[in-house]
Amino acid sequence: MARTLAMFTDTSLCIGCRACQVACKQWNELGMEVPEWTGTYQNHAHFTDQTYRLVRFVEEPKPTGDLAWLLMSDVCKHCAEAGCLEACPTGAIYRTEFGTVNINPDVCNGCRYCVASCPFGVVAFNESTGTAKKCTFCNDRIHNGLGPACAKACPTDSIQFGFRDDLVTKAQKRVETLKGMGFKDAQLYGADSKGFLGGLNAFFLLLARPSTYNLPDSPKLPQRNVVVDSLFSIGSALVVGLGALLAFRERGKGAGDA
Amino acid sequence: MLKSPEWELMIVWYFFLGGIAGGAYFTAAIADSFGGPRDRAVARVGYLLSLPLTAICGILLVVDLGVPLRFLNMLGKFSFWNPMSIGAWGIGVFGLFTLVSSVLSFSSSARRVVLRQRIGLVGSIFGFFLASYTGVLLGGTAQPFWGDARLMGALFLVSGASTGMAAISLILFLTGGAAGEGFGKVKKADRYSMIFELVILAIFLALLGSAARPLVAGQFAPLFWGGLVGLGLVIPLVLDFVGRRAKVLPAVAAVLVLIGGFVLRYVVLMSVQA
């Protein structure tokens, strides 16, 4: 496996220009959609099968009474332990040699288990192709020595592309700098490969708690429940089976057995 | 903000009919192996019911896919702890068992009866599986309530058992088999299942706590409390206990149990995706 690639989105540098969102649409040939009223400048409200990069516009009340603008360019996290990849029954969702998570549209049969299993609501179903869609980390570009279109287009370096280990070191320094400047809640999200989901290959620097940005504070791999749930099911099968056996056993034989 | 998989009415029907198919099959197998010769009618009805239902289940699943012609892609891979993957394999294997058992249910030669009993007991494992894995599948998603419900598989299994037994008793009633001893036994087994279902449901809700809100407090709450708990469990149990002598009441109770089983799948699936 090649060295893991990553995208580091530093929200403190985002100016909300949406160049990333547009570049993503252009490069990946994603169609236009009917705009939605979200009550803020944000459009669309959520990821869709035509929106893989989405700039979030969050308005947070400050102690002084006015509003602070938190801007964040959100994207598929390419989790090291990915719920969508674990859910996929066909093998359409796979991990590339660079550590990114991709969907092979020729194999996907549209069962939508991945849609239900993404802890971030990233994977979307495309009605016209009948398959699941999400950010590809510009798979074609990274296999030709180019960075993802969004990172390339970002005018403030809020989105940076590179090797994961390099970017994590850079991000940690940046958090310290920001804390020194008075941003008390500055924190990395998904940078720690020992943290949740084995770390995110698209990780973030946030200026407030993750939930402020509509991100789960500590996302979990949904498949962690399957073993326990199965054991409970087997237990109930034994009880139900025993009940049926008691109802159906022949009295003569049953008395002898007991 | 999470995304819903849009598993709607077709999947509700699949969960419901899959539960009946699995429940009817293992009830038939238990009646076949542990009951007397007079319970053979129960076994035959159970086997013969599970076959077409499993076929319908397969069709529903294929049609609901985004690209139905690619359904075989599910079988290109086997992932052991992936309910969607094992489910696709499981329903296929179970279908074969229902076919063989149905064919053998017409035979009365001693050797074939023994063969059918053995096949029935092995097939029951797949019947239990079909009735419950759909709940485990929901428990393995990132959705609120589904992902929090540790007993969804257990609840679906017990509901599958009681609806499968109710379906058998209803068919016996309609075909004039209600006078036989097997009818009384399958009603008795159904009562045990319903009582167990109430217990599981109570633990299910207690473990969920506030995560059960979409079910017990939202717009689906009247359907859950009225349709499942009231109409689908408590009333049929009462009818069974007080009205055992009246001829029609057991059949009415069976219909109510079936309605309750459908309502359970409906509220579980739709309350999260509404």
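Parameters at a glance
Residues numbered from 1 in each chain as written. Chains lettered and ligands numbered in written order. Predicted model: local features only at pLDDT ≥ 70, side-chain atom pairs only at ≥ 80, totals over all residues. Domains from an automatic or database assignment. Axes fitted to C-alpha atoms, helices over the stretch in contact; angles between N-to-C directions. Helix = DSSP H or I, 4+ residues; strand = E, 2+ residues; numbered from the N terminus. Left-handed = near helix turned anticlockwise from the far one by under 90°. Contact = placed C-beta atoms within 7 Å. Parallel < 35°, antiparallel > 145°, perpendicular 65-115°, else oblique. Nonpolar A, V, L, I, M, F, W, Y, C, P; charged D, E, K, R; others polar. Pairing = 2+ DSSP bridges. pLDDT = per-residue confidence, 0-100. Buried ≥ 20, exposed ≤ 12 C-beta atoms within 10 Å, placed from the backbone.

Colleague: Could you give an account of the domain arrangement of chain A, naming the residues involved and the relevant values?
Modeller: By a widespread convention, an interface's size corresponds to the accessible area lost as its parts come together. Domain annotation for chain A reports domain 1 (5–220) and domain 2 (223–257). Placing the centre of domain 1 of chain A and that of domain 2 of chain A at their C-alpha centroids yields a distance of 47 Å.

Colleague: So what about the packing of helix α6 (residues 181–208) of chain B against helix α8 (residues 221–242) of chain B? Which residues, and what values?
Modeller: Residue and element names in this part refer to chain B. Interhelical geometry of α6 versus α8 gives an angle of 145° and a closest axis separation of 10 Å. Here α6 and α8 pass one another in a crossing that is left-handed. For the pair formed by α6 and α8, the contact residues are Lys187, Arg191, Met194, Glu197 and Leu198 on the first element and Leu233, Pro236, Leu237 and Asp240 on the second.

Colleague: Let's hear about the packing of helix α7 (residues 226–248) of chain A against helix α5 (residues 152–174) of chain B: which residues, and what values?
Modeller: The interhelical angle for the contact between α7(A) and α5(B), taken along N-to-C directions, is 25°, at an axis separation of 7 Å. The pairing of α7(A) with α5(B) is recorded here as roughly parallel in orientation. In the packing of α7(A) onto α5(B), the handedness of the crossing is right-handed. Contact with α7(A), carried on its side by Asp229(A), Ser230(A), Phe232(A), Ser233(A), Gly235(A), Ser236(A), Ala237(A) and Val240(A), involves Met152(B), Gly153(B), Ala154(B), Leu157(B), Val158(B) and Ala161(B) of α5(B) and no other residues of that element. Considered class by class, the residues forming the contact of α7(A) with α5(B) number 8 nonpolar, 5 polar and 1 charged.

Colleague: So, the environment of Thr156(A): which residues are in play, and what are the values?
Modeller: Note that Thr156(A) resides in the loop between α5 (149–153) and β8 (159–163). Residues Thr156(A) and Val228(A), spaced 72 residues apart in sequence, show a C-alpha to C-alpha distance of 47 Å.

Colleague: Describe the sheet that holds β8(A), naming the residues involved and giving the relevant values.
Modeller: All names here are of chain A. Here 4 strands make up an open sheet; going across it, the order is β8-β1-β10-β9 and the pairing mixed. For this open sheet the edge positions go to β8 and β9 (187–189), each flanked by a neighbour on one side alone. This sheet shows a mean twist of 25° between the axes of neighbouring strands, independent of strand direction. The pairing of strand β1 (residues 5–10) with β8 spans 5 bridges and is antiparallel. Bridge assignment links Met7 to a residue of β8, and that residue is Phe161.

Colleague: Describe the confidence of the model for chain A, with residues and values.
Modeller: Of the residues in chain A, 97% reach a pLDDT of 70 or more, and the chain-wide mean stands at 94. Scored below 50 in pLDDT, residues 254–258 of chain A shows 1 contact in the model against residues more than four places distant or in partner chains.

Colleague: An account of the interface of chain B and chain A is needed here, citing residue identities and associated values.
Modeller: Contacts between the two partners involve 55 residues from chain B and, on the opposite side, 48 residues from chain A. Of all the secondary-structure elements, those providing two or more residues to the side of chain B that touches chain A are α1 (9–34), α3 (83–104), α4 (110–139), α5 and α6 of chain B. Tallying contributions element by element places α6(B) first for the side of chain B that touches chain A, with 7 residues. For the side of chain B that touches chain A, the per-class residue count stands at 29 nonpolar, 18 polar and 8 charged.

Colleague: With reference to specific residues and values, describe the pairing of β1(A).
Modeller: Residues and elements named next belong to chain A. Taking burial as the measure, the 6 residues of β1 include 6 buried ones, the bulk of the element. A two-sided burial pattern is seen for β1, the buried positions comprising Leu5, Met7 and Thr9 on one face and Ala6, Phe8 and Asp10 on the other. Here 4 bridges tie β1 to strand β10 (residues 202–206), and the two strands are oriented parallel to one another. From the neighbouring strand, Asp10 faces β10, where its bridge partner is Leu205.

Colleague: Outline unusual backbone geometry, listing residues and values.
Modeller: In terms of backbone geometry, most residues other than glycine have negative phi values and most peptide bonds are trans. Residues and elements named next belong to chain A. With omega at 5°, the peptide bond leading from Asn43 into His44 counts as cis. As for its position among the elements, His44 is in the loop between α1 (19–27) and β2 (54–61). In this model, Arg112 sits at a positive phi of 75°, which is unusual for a non-glycine residue. Structurally, the position occupied by Arg112 is in the loop between β5 (101–103) and α3 (113–117). Using a count of 26 C-beta atoms within 10 Å as the deciding quantity, one classes Arg112 as buried. The phi dihedral of Phe137 falls on the positive side, at around 60°, and the residue is not glycine. Mapped onto the elements, Phe137 comes out in the loop between β7 (131–133) and α4 (139–142).

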